[in-house]
Amino acid sequence: MEAWYMNETDEDQRLPHHCEPRQDISLEKLSDLGVLYWHLDADKYETDPDLQQIRENRGYTYTDMITCSPDKLPNYEDKLKSFFEEHIHTDEEIRFCLEGSGYFDVRDGDDKWIRVWLKKGDMIVLPAGIYHRFTLDTSNYIKAMRLFVGEPVWTPYNRPQDDNPIRKEYIDNFFKEGSSSVEAH
Ligand SMILES: CSCCC(=O)/C(O)=C/O
Ligand SMILES: [Fe+2]
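Residues numbered from 1 in each chain as written. Chains lettered and ligands numbered in written order. Predicted model: local features only at pLDDT ≥ 70, side-chain atom pairs only at ≥ 80, totals over all residues.

- The name recorded for the protein chain in an unreviewed UniProt entry is Acireductone dioxygenase, from Picea sitchensis.
- Quoted verbatim from the Pathway (unreviewed entry) heading of the UniProt record, the comment on the protein chain is "Amino-acid biosynthesis; L-methionine biosynthesis via salvage pathway; L-methionine from S-methyl-5-thio-alpha-D-ribose 1-phosphate: step 5/6." (UniProt positions renumbered as here; feature names shortened; annotations may be inferred.)

**With respect to the overall build of the protein chain**
(1) Moving on: Each helix and strand in the protein chain was counted, giving 5 helices and 10 strands.
(2) Moving on: For the protein chain, whose C-alpha radius of gyration is 16 Å, the value lies close to the compact-globule estimate of 16 Å for 185 residues.
(3) Moving on: With the C-alpha coordinates of the protein chain rotated into their principal frame, the extents come out at 45 × 40 × 30 Å.
(4) Moving on: Taking all 185 residues of the protein chain together, the buried fraction comes to 22%.
(5) Moving on: Of all intrachain contacts in the protein chain linking residues separated by at least 6 positions in sequence, the fraction that spans at least 24 positions is 74%. (Helix = DSSP H or I, 4+ residues; strand = E, 2+ residues; numbered from the N terminus. Rg over C-alpha atoms; globule rule 2.2 N^0.38 Å. Buried ≥ 20, exposed ≤ 12 C-beta atoms within 10 Å, placed from the backbone. Contact = placed C-beta atoms within 7 Å.)

**So, the site of ligand 1**
(1) Moving on: In the vicinity of ligand 1, the contacting residues are Ile-66, Cys-68, Phe-83, Glu-93, Arg-95, Gly-102, His-132, Phe-134, Ile-142 and Ala-144.
(2) Moving on: Elements supplying a minimum of two residues to the shell around ligand 1: strand E3 (62–68), strand E5 (93–107), strand E8 (132–136) and strand E9 (142–148).
(3) Moving on: Among the elements that make up the shell around ligand 1, the one with the highest residue count is E5 (3 residues).
(4) Moving on: Classifying every residue of the shell around ligand 1 by side-chain character gives 6 nonpolar, 2 polar and 2 charged. (Near = placed C-beta within 6 Å. Nonpolar A, V, L, I, M, F, W, Y, C, P; charged D, E, K, R; others polar.)

**A closer look at the UniProt feature "binding site: Fe(2+)" (unreviewed entry) in the protein chain**
(1) Moving on: The sites that carry the UniProt feature "binding site: Fe(2+)" (unreviewed entry) are, in the present numbering, His-87, His-89, Glu-93 and His-132. In three dimensions, the annotated residues from a span of 46 residues occupy one location, with a maximal C-alpha spread of 11.4 Å.
(2) Moving on: For His-87, the position within the fold is in strand E4 (residues 87–88).
(3) Moving on: What makes His-87 partly exposed here is the crowd of 19 C-beta atoms within 10 Å.
(4) Moving on: Those residues in contact with His-87, other than ones at most four positions away along the chain, are His-132, Arg-133, Pro-156, Tyr-157, Asn-158 and Arg-159.
(5) Moving on: Residue position: His-132 is located in strand E8.
(6) Moving on: Leave out the neighbours within four places in its chain, and His-132 touches His-87, Phe-104, Asp-105, Val-106 and Leu-126.

**What to know about unusual backbone geometry**
(1) Moving on: For the peptide bond that leads from Glu-20 to Pro-21, omega is -5°, which places it in the cis range.
(2) Moving on: Topologically, Pro-21 is positioned in the loop between strand E1 (2–5) and helix H1 (27–32).
(3) Moving on: Between Arg-159 and Pro-160 the backbone carries a cis peptide bond, its omega angle lying at 10°.
(4) Moving on: Although it is not a glycine, His-17 sits at a positive phi angle of roughly 60°.
(5) Moving on: Considering the arrangement of structural elements, one finds His-17 in the loop between E1 and H1.

**Let's talk about the UniProt feature "binding site: Ni(2+)" (unreviewed entry) in the protein chain**
(1) Moving on: UniProt feature "binding site: Ni(2+)" (unreviewed entry): in the numbering of this structure it lies at His-87, His-89, Glu-93 and His-132.
(2) Moving on: Tracing the backbone through its elements, the reader meets Glu-93 in strand E5.

In C-alpha cells:
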C-alpha cells in the first residue's frame, strides 16, 4: 500500500496526482485519521486464518465481492461517478483488494486529500464519518471483497454533512482536544 498527499489539479482522476516533490503518508498518519490497514494473502482469502481473525475481532459477519471495470460493473459510468463524489457513510467502509487496484482518497484534519493506493492483498477500513471517495486507476480494474458488520448499508451521504451526528462523532473522536490523534502531535 502506498499513500500520498494529492496535487489537486484537474488532470484525469485515474492519474496518481503526486505533489512535486512527492509527499508520502505513513500508516501511523493514516491511523491518526482512523484509517486501518492490513496486508493479507489475496490468493488464500477463502481459508486465511489472519482474515478470519480480523473478521472475528471486528465483527465483520457479512462479505460479498464487487468488480469494477467497464465490462463487469452494471451502470459503470454512473457508479464510478457516484463513488467519486465526496461522501461519508454511517458505518465503516471495509475493502480487501483481491485483484487489480484503485484509489481511495480521504480528507485529513486540514481538509487536504490523501490518496491511498489499494493493490492486491491490501485491506483498508475507513471509519464512519470520514470524507472520502473512490476512483479506479489507469488499469481500470479492481476486484474487492466488501465486508460489513451485520446487514450492509451502502448509502453515501454527500458533502456537506457537518450536522450529521456520525460526522460530528468522527470529528470528536479524531480531531477534538483530548482525542488520541490530537495528543499524538
Ligand atoms: C472497490 S469498492 C468500490 C467503491 C465503493 O464501494 C465505495 O463505497 C466507495 O466509497
Ligand atoms: Fe464510500
